[in-house]
Amino acid sequence: MVFRGTISDAADFDPTADAETLYNAMKGIGSDKEAILDLVTARSNAQRQEIIGAYKCSFGKDLIEDLKYELTGKFERLIVSLMRTPAYLDAKEIHDAVKGVGTNERCLIEILASRNNKQTQDMVAAYKDAYGRDMEEDIITDTSGHFKKMLVVLIQGTRDESGVVDADLVQQDAQDLYEAGEAQWGTDEAKFIMILGNRSVTHLRMVFDEYEKVAEMSIEDSIKNELSGDFERLMLAVVQCIRSVPMFFAKRLYKAMKGLGTADNTLIRIMISRSEIDMLDIREFFRLRYEKSLYNMIKDDTSGDYKRTLLNLCGGDDDLAGEFFPEAAQIAYKMWELSAMTKVQLRPTIRPASDFDPAADAQALRKAMKGFGTDEDTIIDIVTQRSNAQRQEIRQTFKSLLGRNLMKDLKSELSKNLERLIIGLMMTPAEFDAKMMKKAIEGAGTDEHALIEILVTRSNEEIQAMNSAYQSAYNTSLEEDIQSDTSGHFCRILVSLVQGAREEGQADLERADADAQELANACNGESDDMEMKFMSILCTRSFPHLRRVFQEFVRHTNKDIEQIIKKEMSGDVKHAFYAIVRSVKNQPSYFADRLYKAMKGLGTDDRALIRIMVSRSEIDLFNIRKEFKEAHDVSLHEFIQGDTSGDYRKTLLILCGGED
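Predicted model, so just to flag it, every value in this text is computed and none were measured. (Residues numbered from 1 in each chain as written. Predicted model: local features only at pLDDT ≥ 70, side-chain atom pairs only at ≥ 80, totals over all residues. Heavy atoms only, no water.)

Asker: Would you explain the overall build of the protein in this entry?
Answerer: Assigned secondary structure in the protein consists of 40 helices and zero strands. For 660 residues, the compact-globule estimate of 2.2 N^0.38 gives 26 Å, and the C-alpha radius of gyration of the protein, at 28 Å, lies within 12% of that figure. Expressed as a percentage of the 660 residues in the protein, the buried residues total 53%. Counting every atom, the protein has about 28300 Å² of accessible surface; 47% of that belongs to carbon and sulfur. (Helix = DSSP H or I, 4+ residues; strand = E, 2+ residues; numbered from the N terminus. Rg over C-alpha atoms; globule rule 2.2 N^0.38 Å. Buried < 20%, exposed > 50% of the residue type's maximum accessible area, 1.4 Å probe, protein only. Areas by Shrake-Rupley, 256 points an atom, 1.4 Å probe, with all protein chains shown as cover.)

What follows is the structure, given as structure tokens:
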């Protein structure tokens, strides 16, 4: 196995001299924390164990106890954890996860999904030695259901590691997984547990490829569709670790540090446990997936001696758009291939009501708005339980039956965000998009992010319908308003997109390779030429074709298109091209990110929240929910609940369609 860690054996190692250095650093008043952290992070774990022995021989004292006494807080946890063997550190983490009130399921998932057989068996033995208890029994007592069963399978540490692959069994397993989930009503969880818990890594990678051909979707999407809760999270973690353990840990590290507060226990555990195994690869995948290097994220998110120690373990900063390590380039290439092959089943949260009676709905709405006060509950229940096509029938029936304009009545009875949300739901998609574009353009300042989001994610047909609705509502062309409100390359990009003339159909592999070569060549030219070349391809080619273009771009340049855009471009042009790439790769994930940004931090971007919840509720809001949960470790339902209030919140939660 190739060494990909950042910490290795120190040359000219002298455990007795190191023990003395640590003793001197801790004697007297105060301690020399810098000397401690510099020495501990410059030795391998095996060498640290020798230092512990030498310390006891030389001074008759327990080094770990002295460190606990002298140091405090997160820095103490980090240094003391570095002094434990990997098996005993894992055992302690598992013990802490199951003891006391409540269980830290995410810790159990992370450790048990990512360790190989030997690491698992050593950890189980260390647990018995340290706590005089059986790890399996403690986990069985503390967990339940299919989640418990899969954890018990993983604790055995008996995954096939022979490396032998039986092609017939690969096909059989792929078929069995399909029949256990997507092909039937309900899910045969035992089949998922048996196959994902026991087969070899090489075998399962081939099963996942075969599964995509059979099911026309990735195994991850099937798990999201078929499973739920901690069991879903565990199975996704197992799949991610089969595909790439470093990529799994890059995601875990990002989630530990993003947003308000830091999950320090997770950060400490991963930085220590991977420092002698694959930290270089984790750094590379971190850079591949996120906007900054792992080094800089740690630097921005931590402080003091704790930060210095973590940065030593990280081992160095990575140039944002530098070339990939070979394995990371292969993973980047594979990610685009997965995106190209996977046929995502889009799932709405709002569907047409059965036994629909537009006349009864019109009468009920009129009654809810007549007289003193308004019955908001009735309005919300009717509007959110009907499809958009049914709402249009209600609008028409309201006018023909009662001689009144439903939209005007709603506007006069409702107020603020609830009014904006209900009115948005009552408009046709084209009318709503046109209104959102007008709001983004009019007044002081332009909402460029809204313009980008709408034009990048709508189909040709939707854009053309929006153009007609805009002309009809505002007696001017949308294209002209965009040209008068924006400028330069950004204006050209929007004008290109607003034509609604993107190519449609599947990828042309030969042309995709040529397009990728043109983009690669453009990266070496002038900035203006580069942006024009990117526009000529990214704004005109079909999404399936662009997936192949971006895949071949990795092969030609050993770089990822997202990183190039972030590094080489700026401002609204960067945001527009980045949105196209994100949408091509995974549109529900792009919307999940937009929703997160609309609600995180102080204040809420209600216009963005309403726009996405209304426009996606009958298309892919269920998929967006799943992506939101996976990316942010909190459900969209929970986020809306905490960020909004009253009838506005109630309406949004009905559109959301449930808790994940």
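Asker: Just to check I follow, could you spell out the packing of helix α27 (residues 429–441) against helix α29 (residues 460–474) for this structure?
Answerer: A packed helix pair is summarised by two numbers, namely the angle formed by the two axes and the spacing between the axes. Viewed as axis vectors pointing N to C, α27 and α29 meet at an angle of 65°, and their least axial separation amounts to 8 Å. With respect to α29, the axis of α27 lies roughly perpendicular. The element α27 and its partner α29 pack so that their crossing is right-handed. In this structure, α27 uses A430, E431, D433, A434, K435, M437, K438 and I441 to contact α29, whose residues at the interface are A465, M466, A469, Y470 and Y474. Class assignment of the residues belonging to the contact of α27 with α29 gives a composition of nine nonpolar, no polar and four charged. (Axes fitted to C-alpha atoms, helices over the stretch in contact; angles between N-to-C directions. Parallel < 35°, antiparallel > 145°, perpendicular 65-115°, else oblique. Left-handed = near helix turned anticlockwise from the far one by under 90°. Contact = heavy atoms within 4.5 Å. Nonpolar A, V, L, I, M, F, W, Y, C, P; charged D, E, K, R; others polar.)

Asker: Explain the packing of aromatic side chains here, please?
Answerer: The relation between two aromatic rings is expressed through the spacing of the ring centres and the mutual angle of the planes. According to the stated counting rule, one finds twelve aromatic pairs in the structure shown. Aromatic side chains F628 and F639 sit 5.4 Å apart centroid to centroid with 65° between the ring planes, which places their arrangement in the edge-to-face category. Within this pair, whereas F628 is found in helix α38 (residues 621–632), its partner F639 is found in helix α39 (residues 636–643), the two being separated by eleven residues in sequence. The same class applies to F628 and to F639, which are both buried. (Phe/Tyr/Trp six-rings, centres within 6.5 Å; stacked < 30°, edge-to-face > 60°.)

Asker: Looking at this structure, how should I read the nonpolar core?
Answerer: As a rule of thumb, soluble globular proteins bury nonpolar side chains together. One finds L196, M271, L294, F534, L538, F577 and M613 to be the most contacted residues of the largest nonpolar core, which totals 200 residues. Ranked by the residues each element gives to this core, the list is headed by helix α36 (residues 571–599), at 14 residues. With residues up to four places along the chain from it excluded, the contact list for L196 reads M150, R159, L204, F208, I223, M235, V238 and V239. (Core = buried A, V, L, I, M, F, W, Y, C linked by side-chain atoms within 4.5 Å.)

Asker: Please explain empty space enclosed by the protein as it appears in this structure.
Answerer: Where empty space is left in the structure can be found by rolling a water-sized probe over the atoms. Counted under the stated rule, the structure contains two cavities of 30 Å³ or more. The computed volume of the largest cavity comes to approximately 320 Å³. Elements with a minimum of two residues in the lining of the largest cavity: α7 (105–114), α15 (229–243), α16 (245–257) and α38. Among the elements that line the lining of the largest cavity, the one with the most residues is α15, at six residues. Here the residues of the lining of the largest cavity are counted per class, giving four nonpolar, two polar and twelve charged. Counting the residues that make up the lining of the largest cavity, at least three belong to each of domain 2 (167–243) and domain 5 (587–656). (1 Å grid on protein atoms, 1.4 Å probe; cavity = no way out; pocket = protein on both sides within 12 Å on 5 of 7 lines; lining within 4 Å. Points joined across faces, edges and corners; volume = space filled by probe spheres on them. Domains from an automatic or database assignment.)

Asker: Looking at this structure, how should I read helix α26 (residues 416–426)?
Answerer: Since the α-helix packs 3.6 residues into each turn, any two residues three or four apart lie on the same face. Most of α26 is tucked away: nine of the eleven residues are buried. Within α26, burial applies to N417, L418, E419, L421, I422, I423, G424, L425 and M426. In the core, the buried residues of α26 are packed alongside α23 (376–384), α24 (388–402), α25 (406–413), α27, α37 (606–616) and α40 (646–656).

Geometric descriptors of this kind do not, in isolation, establish any biological role.
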